[in-house]
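Coordinates in review
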Amino acid sequence: VGTAFPSYSFVANGTPTPTYSVGSGALPAGLSLSSVGELSGTPTAAGAFTFTVLASNTIGSVSSATVSITVNQSP
């Protein structure tokens, strides 16, 4: 909590280039997922979080990954 999350990029291949979104669950408060797949921010609440990241493109191809993150309280 209160420490910047090291930026992480999700990668999926496809034509047209996929865009990213959260399909289910919720990101930790303070983190965001950009449409190009970059997860970044500074968490504001401790806890365990599980969410699904979707990569999809305009022709209907979809890939997903389930992600679990634990945010610890700052000392």
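Just so it is clear, the model here is predicted, and its values are computed rather than measured.

A few words on the overall build of the chain. Helix and strand counts for the chain come out as zero helices and six strands. If you list the helices and strands of the chain from N to C, you get β-β-β-β-β-β. The principal-axis extent of the C-alpha atoms belonging to the chain is close to 45 × 20 × 15 Å. Counting all 75 residues of the chain, 27% fall into the buried class.

Let us now look at the pairing of strand β5 (residues 47-56). In terms of strand pairing, strand β2 (residues 19-25) meets β5 through six bridges, oriented antiparallel. Paired with G25 across the two strands is F51, which belongs to β5. In this structure, β5 lies alongside strand β6 (residues 62-71), joined through ten bridges in antiparallel fashion. From the neighbouring strand, S56 faces β6, where its bridge partner is V62.

Turning to the sheet that holds β6, a few remarks are in order. Here three strands make up an open sheet; going across it, the order is β2-β5-β6 and the pairing antiparallel. Edge positions in the sheet fall to β2 and β6, since each has one partner strand and no second. Strand-to-strand twist across the sheet, computed as the mean angle between neighbouring axes with direction ignored, equals 30°.

The next thing to look at is the environment of P16. Tracing the backbone through its elements, the reader meets P16 in the loop between β1 (5-9) and β2. Put simply, P16 and S56 are 40 residues apart on the chain and 9.2 Å apart in space, counted from C-alpha to C-alpha. Sequence-distant contacts of P16, that is, excluding residues within four places in its chain, are made with N57, T58 and I59.

The residue T52 is located in strand β5 in this model. T52 sits in the buried class, given a relative accessible area of 15%. Excluding residues within four positions of it along the chain, T52 makes contact with S21, V22, G23, S24, S64, A65 and T66.

In space, the three strands of this open sheet follow the order β1-β4-β3, with antiparallel pairing throughout. With one partner strand each, in any of the chains shown, β1 and β3 (31-33) form the two edges of the open sheet. For this sheet the average axis-to-axis angle between neighbouring strands, irrespective of direction, equals 15°. Summarising the sheet, β3 and strand β4 (residues 38-41) pair through three bridges and their orientation is antiparallel. Counterpart to L31 in the pairing with β4 is G41.

So, how was this worked out
- Residues numbered from 1 in each chain as written.
- Predicted model: local features only at pLDDT ≥ 70, side-chain atom pairs only at ≥ 80, totals over all residues.
- Heavy atoms only, no water.
- Helix = DSSP H or I, 4+ residues; strand = E, 2+ residues; numbered from the N terminus.
- Buried < 20%, exposed > 50% of the residue type's maximum accessible area, 1.4 Å probe, protein only.
- Pairing = 2+ DSSP bridges.
- Axes fitted to C-alpha atoms, helices over the stretch in contact; angles between N-to-C directions.
- Contact = heavy atoms within 4.5 Å.

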